[in-house]
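Each chain is listed here by its residues.
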Amino acid sequence: MLARGLSRGWRGICGAALTGAPFSQVPSQVPRGLHCSVATHSSDSSLVPRPPEPLRQPAKPLSPHEELFRPAPDGARDKASFVRAVQNFGQHNVHKRGHVDFIYLALRKMRDYGVEKDLAVYNLLLDVFPKEVFRPRNVFQKIFVHYPRQQECGLAVLEQMENHGVMPNKETEFLLVQIFGRKSYPMLKFVRMKLWFSRFKNINPFPVPRDLPKDPVDLAVLGLRHIEPDLSARVTVYQTASSKDSTGTADPTQQHIVGIQSPDQQAALARHNPARPIFVEGPFSLWLRDRCVYYPIQLDLKYGRGGWDDYEFDIDEVEEGPVFAMCMAGAHDQATLAKWIQGLQETNPALAQIPVIFRLTGSSGELLASSSGLEEPSPPPPQEQEEEEDHTQRQQQGQS
Amino acid sequence: MALVHKLLNGSYILRKGLKPSVAACPFLSTRSADYCSSSLQKPVATPGKASTQRTAAGGLQEDQREVALDIPSPEEKPEVSFDKAIKDEIKEHFRRLKDEIVNHWIGPEGRPLQEIILEQARVVWQFRGKEDLDKWIVTSDKTIGGKSEVFLKMGKNNQSALLYGTLSSAAPQDGENSQSGYCAMISRIPRGAFERKKSYDWSQFNTLYLRVRGDGRPWMVNIREDTDIIQKTNQMYSYFMFTRGGPYWQEVKIPFSKFFFSNQGRIRDAQFQLLLDKISSIGFTLADKVDGPFFLEIDFIGVFADPAHTEEFAYENSPVLNPRLFK
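Residues numbered from 1 in each chain as written. Chains lettered and ligands numbered in written order. Predicted model: local features only at pLDDT ≥ 70, side-chain atom pairs only at ≥ 80, totals over all residues. Heavy atoms only, no water.

Peer 1: Whenever I open this one, the overall build of chain B confuses me. Can you help?
Peer 2: Of the regular secondary structure elements, chain B holds five helices and 13 strands. Looking at chain B residue by residue over its 327 residues, the buried ones come to 49%. The long-range share in chain B, meaning contacts at least 24 apart out of those at least 6 apart in sequence, stands at 72%. As displayed, chain B has an accessible area near 16300 Å², and 56% of this comes from carbon and sulfur atoms. (Helix = DSSP H or I, 4+ residues; strand = E, 2+ residues; numbered from the N terminus. Buried < 20%, exposed > 50% of the residue type's maximum accessible area, 1.4 Å probe, protein only. Contact = heavy atoms within 4.5 Å. Areas by Shrake-Rupley, 256 points an atom, 1.4 Å probe, with all protein chains shown as cover.)

This is the structure we're talking about:
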């Protein structure tokens, strides 16, 4: 039976070479000793549907089994279709021929289907491996890396889980033990992941929830609460975004404006000397996981600070004043921010007498500066931001 | 070799009008490939012959200037005087040697002994001027062919340093890197007379103290120990620094017992605590796989002795991972 299997395998390779069917995993599986029944690329290769000729993508060669991931006619690329594609692979060939390539392909396609953070999908992908075949049975197999390609593939699955921060569970452990054995490299990586992930799970002193809200107003509220350490600060929604019934070309007249101010800041603003102007600076960027929101802040300048009282770190005079309020708005032009200032005036009546200067960095790095129209014109602020205009490609977040 | 390198450094400083924000010196020693964030990607080999140095230095510096700026006008060409630069360098090194000998009699690191013993907090790096920025090197994955950019400049009113740029995790299509996207700011190793490597001694402190203002991104703080032994060049101790974002300055305190050991970029199974007597450099890395602009403003970096912190090392070695430690 062994000899017959070997000769069938060789005939299959020659046949495949003549017909030109893809047989990328044959070189790694041919030098197999006893387990070639799993690995032979026999004449069954004609049953695997050939991938279509790459006419529409002239430069990229299609990998085998790519047609399993072709989008369905209704086009939905989600978890269900991904799971269906993975299960279809098993249905085509019982012996799971080409499972290593298929798993690499599926790992690449996970991002398109949006399932890269889903543990159940990773377990399903590990389930594609044939079980009990790759476990070493005697001391010689234990010394050498048994089935190195498959172990590398298992490591690649675990590494993608690690990159996306997915913690493996008992089912993963059981699958790995069943497939590779307890002393294999994937199992070692699993133990390391369990150890270091649990050590670093809660080290973030400012945790951000995993599922960020989709609504921009809620996201703004979350962001403002995140950066404001004073828990008694009050978040006010001055304006919500208009509904989406306008056409795409119509300009959105209403952007959301959400502001935050704490009672200490209110008191400081009430005490503020009306002769000195207040600056609205921004927008600065704040990253919450992978979403970036922008916020301008209102603060005073030329405020001296004293030394530090504990541990003798001396702070020199810092030319930056207290922050009076912060806001997050959909657009960062002056009109929106002027509406915010007007909203702030309701709770801080002293703001009506204080000149407000806008120092906003637009997307092209230019400095827009003007004062609010309520008071007499104040002197223009110093132009300190010339060197930022060199970098016109991206918005400058830093203060100059 | 070290003198040749310092010569080029000296003639580099003689030039006028070069933007210090390109804070990379292409004429560092063999590790120039790692520490260049300018658009020069090929490592520049230190020229061997003295006679070709001036032309080579002038030519390469012209290249770098032309890449960074437009063509300089003729009257801006600096006076590169080979002999004067060598004389300046020699004087500088002997001055440093004299300082070292004199400081040895005053006390460790040139300060009186009781000051060192009673010291509880020390500011190691401050950012108050351009010369403070020269103590740092900025790197990004441009060295391996990626597309991230990172720049370092002085912040508002010269009170802080601003590290900003754009992170891009597009992997370089060179067949050997499948992941990319990192930016780093590393401190230069302190040098004594004749470019000998010195190290910091922080053995009486136990916590790292940073005053930063970030944008909410998580950074990684890496400390590298004295790298005389060749195996230690890829070893470092790291921990994470989470920035809050927002306009308020954030004080980050990381005890040295929390730093975990890693070699060649991988956390190792055998962990040992960070020994503080020969620290050579500290660095900040951003590699959180999220594309986009970032910034980090640093006011100062210091170390202090926190009496409330009694932990010696935060991580145990597990017998599953390294059984030979438990025999």
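Peer 1: What am I meant to see in helix H10 (residues 185-199) of chain A here?
Peer 2: Along an α-helix, residues three or four positions apart point the same way, because every turn accommodates 3.6 residues. Taking 1.5 Å of rise per residue, the 15 residues of H10(A) would be expected to cover 21 Å, and the 21 Å separating its terminal C-alpha atoms lies within 8% of that figure. By the burial criterion, the buried members of H10(A) are A:Pro186, A:Met187, A:Lys189, A:Phe190, A:Met193 and A:Trp196. Turning to H10(A), the residues buried within the fold contact helix H8 (148-163) and helix H9 (170-180) of chain A together with strand S10 (260-263) and strand S11 (266-267) of chain B. (Expected span 1.5 Å × (residues − 1).)

Peer 1: Is there a simple way to explain the environment of B:Lys142 in this structure?
Peer 2: Locating B:Lys142 in the fold gives a position in the loop between strand S2 (136-140) and strand S3 (149-154). Distance from B:Lys142 to B:Cys183, taken between C-alpha atoms, is 9.1 Å for residues 41 residues apart in sequence.

Peer 1: Would you take a moment to explain the sheet that holds S2(B) for this structure?
Peer 2: What links the strands of a sheet is backbone hydrogen bonding, and the strands pair in either a parallel or an antiparallel sense. Pairing in this open sheet of seven strands is antiparallel, and the strands run S2-S5-S12-S7-S8-S10-S11 (chain B) from one edge to the other. Of all the strands in the sheet, just S2 and S11 of chain B have a single pairing partner and so form its edges. (Pairing = 2+ DSSP bridges.)

Peer 1: Explain a nonpolar patch on the surface here, please?
Peer 2: All names here are of chain A. There is a patch of nonpolar side chains on the surface, built from Val139, Phe140, Ile143 and Phe144 and spanning about 480 Å² of accessible area. Assignment of secondary structure puts Phe140 in helix H7 (residues 139-143). For Phe140, a relative accessible area of 57% gives the class exposed. (Patch = residues over 30% accessible without salt bridge, like charges linked within 9 Å, V, L, I, M, F, W, Y side chains within 5 Å. Salt bridge = Lys/Arg side-chain N within 4 Å of Asp/Glu carboxyl O.)

Peer 1: Looking at this model, I keep getting lost on helix H12 (residues 263-271) of chain A. Mind explaining?
Peer 2: Residue and element names in this part refer to chain A. Of all the residues in H12, the buried ones are Gln265, Gln266, Ala268 and Leu269. Taken around the axis of H12, the buried residues stretch over an arc of 165°, which confines them to a single face. Opposite the buried face of H12, at more than 90 degrees from it, the exposed residues are Asp264, Ala270 and Arg271. (Arc of directions from axis to C-beta.)

Peer 1: For this particular structure, what's the right way to read the packing of aromatic side chains?
Peer 2: By convention here, two paired aromatic rings are described through the distance between centres and the angle between planes. All names here are of chain A. Per the counting criterion, the structure on display carries 33 aromatic pairs over all chains. Note on Phe129 and Phe134: the rings are 6.3 Å apart at their centroids and 90° apart in plane angle, and the pair reads as edge-to-face. Here Phe129 matches Phe134 in class, with each residue buried. Above the plane of the ring of Trp196 lies Arg199, whose end atom (NZ or CZ) is 4.7 Å from the centre. (Phe/Tyr/Trp six-rings, centres within 6.5 Å; stacked < 30°, edge-to-face > 60°. Lys NZ or Arg CZ within 6 Å of the ring centre and 35° of its normal.)

Peer 1: What is the right way to read the nonpolar core from this model?
Peer 2: Within soluble globular proteins, side chains that are nonpolar generally end up buried alongside one another. Residues and elements named next belong to chain B. The biggest cluster of nonpolar side chains holds 47 residues, and the ones touching the most others in it are Trp202, Leu208, Met241, Phe259 and Phe284. With five residues, the single largest contributor to this core is strand S13 (residues 292-304). Leave out the neighbours within four places in its chain, and Phe259 touches Leu208, Val221, Ile223, Tyr237, Ser238, Tyr239, Ile254, Leu274, Phe313 and Tyr315. (Core = buried A, V, L, I, M, F, W, Y, C linked by side-chain atoms within 4.5 Å.)

Peer 1: Would you mind showing me how to read the packing of helix H4 (residues 79-92) of chain A against helix H6 (residues 119-126) of chain A here?
Peer 2: Two quantities define a packed helix pair, namely the angle between the helix axes and the distance between the axes. Residues and elements named next belong to chain A. As a packed pair, H4 and H6 sit with axes 10 Å apart at the nearest point and diverge in direction by 10°. Put simply, H4 runs roughly parallel to H6. Taken together, the residues of H6 that come into contact with H4 (itself represented by Lys79, Phe82, Val83 and Val86) are Ala120, Val121, Leu124 and Leu125. (Axes fitted to C-alpha atoms, helices over the stretch in contact; angles between N-to-C directions. Parallel < 35°, antiparallel > 145°, perpendicular 65-115°, else oblique.)

Peer 1: Could you clarify how one ought to interpret the domain arrangement of chain A in this entry?
Peer 2: When the parts come together, some accessible area is lost, and that loss is often what is quoted as the size of the interface. One can read the domain layout of chain A as domain 1 (66-201) and domain 2 (216-241 + 254-304 + 318-360). When each unit is reduced to the centre of its C-alpha atoms, the spacing between domain 1 of chain A and domain 2 of chain A is 48 Å. (Domains from an automatic or database assignment.)

Peer 1: Would you mind showing me how to read unusual backbone geometry here?
Peer 2: Backbone phi values are negative for most residues with the exception of glycine, while trans is the configuration of most peptide bonds. At A:Tyr147, a position not held by glycine, the phi torsion is positive, near 55°. By relative accessible area, A:Tyr147 is classed as buried at 5%. You will see that B:Phe194, though not glycine, has its phi angle at about 55°, which is positive. Within the element layout of this structure, B:Phe194 appears in the loop between strand S5 (183-187) and strand S6 (207-213). A relative accessible area of 40% places B:Phe194 in the partly exposed class.

Peer 1: In this structure, what is going on with the pairing of strand S5 (residues 323-329) of chain A? I would like to understand it.
Peer 2: The side chains of a regular strand alternate between both faces of the sheet. All names here are of chain A. Summarising burial for S5: seven of the seven residues are buried, a large majority. Pairing between strand S2 (residues 257-261) and S5: four bridges, direction antiparallel. Looking across to S5, one finds that Ile257 is bridged to Ala329.

Peer 1: What exactly am I supposed to notice about the environment of A:Asp333 here?
Peer 2: Residues and elements named next belong to chain A. The residue Asp333 is located in the loop between S5 and helix H13 (334-347) in this model. The partly exposed category is assigned to Asp333, whose relative accessible area is 36%. Counting along the chain gives 27 residues from Asp333 to Leu360, while the straight-line C-alpha distance between them is 8.0 Å.

Peer 1: Hey, could you run me through the domain arrangement of chain B in this one?
Peer 2: Residues and elements named next belong to chain B. Per the domain assignment, the segments making up chain B are domain 1 (86-118) and domain 2 (119-304). Computed from C-alpha atoms alone, the centre-to-centre distance between domain 1 and domain 2 is 27 Å. Taken together, the contact pairs eleven residues of domain 1 with eleven residues of domain 2. Here domain 1 meets domain 2 over a buried area of about 900 Å², counting both sides, of which 41% is carbon and sulfur. (Buried area = accessible area lost by both parts, 1.4 Å probe.)

Peer 1: Just to check I follow, could you spell out the environment of B:Gln235 for this structure?
Peer 2: All names here are of chain B. Turning to its location among the elements, Gln235 is positioned in strand S8 (residues 235-242). Sequence spacing of Gln235 and Arg188 is 47 residues, and the spatial spacing of their C-alpha atoms is 16 Å. The contact partners of Gln235, leaving out residues within four places of it in the chain, are Arg224, Phe261, Ser262 and Asn263. For Gln235, the side chain forms a polar contact with the main-chain oxygen of Gln231, separated by 3.4 Å. (Polar contact = N/O pair within 3.5 Å; in protein donor to acceptor, adjacent residues only side chain to side chain.)

Peer 1: Can you walk me through the pairing of S5(B) in this structure?
Peer 2: All names here are of chain B. Taken across its five residues, S5 has five buried, putting it largely inside the fold. Residues of S5 alternate between two faces, with Cys183, Met185 and Ser187 on one and Ala184 and Ile186 on the opposite face, all of them buried. Alignment of S2 against S5, held across five bridges, turns out to be antiparallel. Paired with Thr139 across the strands is Ala184, a residue of S5. Relative to strand S12 (residues 279-286), S5 runs antiparallel, the two sharing four bridges. Residue Ala184 lies in a different strand from S12, and its bridge partner there is Thr285.

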